[in-house]
Amino acid sequence: MAATQRPATLGALNEPSGAPAWRTIPSWNVIGTKDRIIPPGVQRSMAERAGSTVVEYDAGHVGLMTAPRTVAHVIEQAARASVR
């Protein structure tokens, strides 16, 4: 991943994003408790602000790659909850 990921462009960091979706639709947040890029406490704070359903798991910053089953399970839970 480090060999292929490009840095963000300055323009991307300055573009307005519009209204956040979490204000109008339910959200889920998967927090890797071993993340050393974005501290878990910061992630918890953002998730709380968004009113997210939070799932914490034993992973680092790239938990989507290192623990895909856990992440897929949370996605399935979110999908089932959203259908109701």
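We now turn to the structure provided with this report.

What counts and how
For every chain, the first residue of the written sequence is number 1, and numbering continues from 1 along that sequence. With the structure being a predicted model, the display of local features is reserved for residues of pLDDT at least 70 and the display and counting of side-chain atom pairs for 80 or more, all residues being used for whole-chain, interface and lining totals. Just so you know, side-chain values use all the structure's heavy atoms and leave hydrogens and water out. Secondary structure follows DSSP: runs of H or I at least 4 residues long count as helices, runs of E at least 2 residues long count as strands, and numbering of each begins at the N terminus. Here's how the labels work: a residue is buried when its accessible area is under 20% of the maximum for its type, exposed when over 50%, partly exposed in between, all with a 1.4 Å probe on protein chains only. In this description, contact between two residues means that some pair of their heavy atoms is separated by no more than 4.5 Å. Surface accessibility follows the Shrake-Rupley procedure with a 1.4 Å probe radius. Residue values consider only the protein chains on display as shielding. Residues scored as positive are Lys and Arg, those scored as negative are Asp and Glu, and His as well as the terminal groups of each chain are ignored. Working definition for charges: the position is that of NZ of Lys, CZ of Arg, CG of Asp or CD of Glu. In this context, the arc is that of the directions from the helix axis out to the C-beta atoms. One fewer than the residue count of a helix, multiplied by 1.5 Å, yields its expected span. In this scheme, strands are said to pair when DSSP sees at least two bridges between them. Throughout, right-handed denotes a crossover for which the path from the first strand over the helix to the second runs clockwise when the strands point away from the viewer.

What follows concerns the overall build of the protein. Across its full length, the protein holds 4 helices and 2 strands. Secondary structure of the protein in N-to-C order comes out as α-β-α-β-α-α. Structurally, the protein occupies a C-alpha span of about 40 × 30 × 25 Å along its principal axes. Here the protein, with 84 residues, has 20% of them falling under the buried criterion. Within the protein, residue pairs in contact and separated by at least 24 positions form 57% of the contacts whose partners lie at least 6 positions apart. Summed over all atoms, the accessible surface of the protein reaches about 6700 Å², with 57% contributed by carbon and sulfur. The centroid of the 9 positive side-chain charges in the protein is displaced by 3 Å from the centroid of its 6 negative side-chain charges.

What follows deals with helix α2 (residues 40-50). For α2, the set of buried residues is Pro40, Gln43, Ala47 and Ala50. Seen end-on, α2 carries its buried residues on one side only, within an arc spanning 85°. In this structure, α2 carries Glu48 and Arg49 as exposed residues pointing more than 90 degrees from its buried face. Taken together, the buried residues of α2 touch β1 (28-32) and β2 (53-57).

Let us look at the environment of alanine 8. Relative to the helices and strands, alanine 8 resides in the segment before α1 (10-14). Separated by 62 residues in sequence, alanine 8 and threonine 70 have C-alpha atoms that sit 28 Å apart.

What follows concerns helix α4 (residues 68-83). Compared with the 22 Å implied by 1.5 Å per residue over 16 residues, the 23 Å span of α4 between its first and last C-alpha is a close match. All of the buried residues along α4 are Val71, Val74 and Ala78. Here the buried residues of α4 occupy an arc of 60° about the axis, which is enough to place them on one side. In α4, those exposed residues whose orientation departs by more than 90 degrees from the buried face are Arg69 and Val83. Those residues of α4 hidden inside the fold are in contact with β1, β2 and α3 (63-66).

So, about the pairing of β2. For β1 and β2, the ladder comprises 5 bridges, and the chain directions are parallel. By the bridge assignment for β2, tryptophan 28 is matched with threonine 53. After leaving β1, the chain enters α2 and then returns to the sheet as β2, a path that is right-handed.

Just geometry here; none of it tells us what the structure is for.
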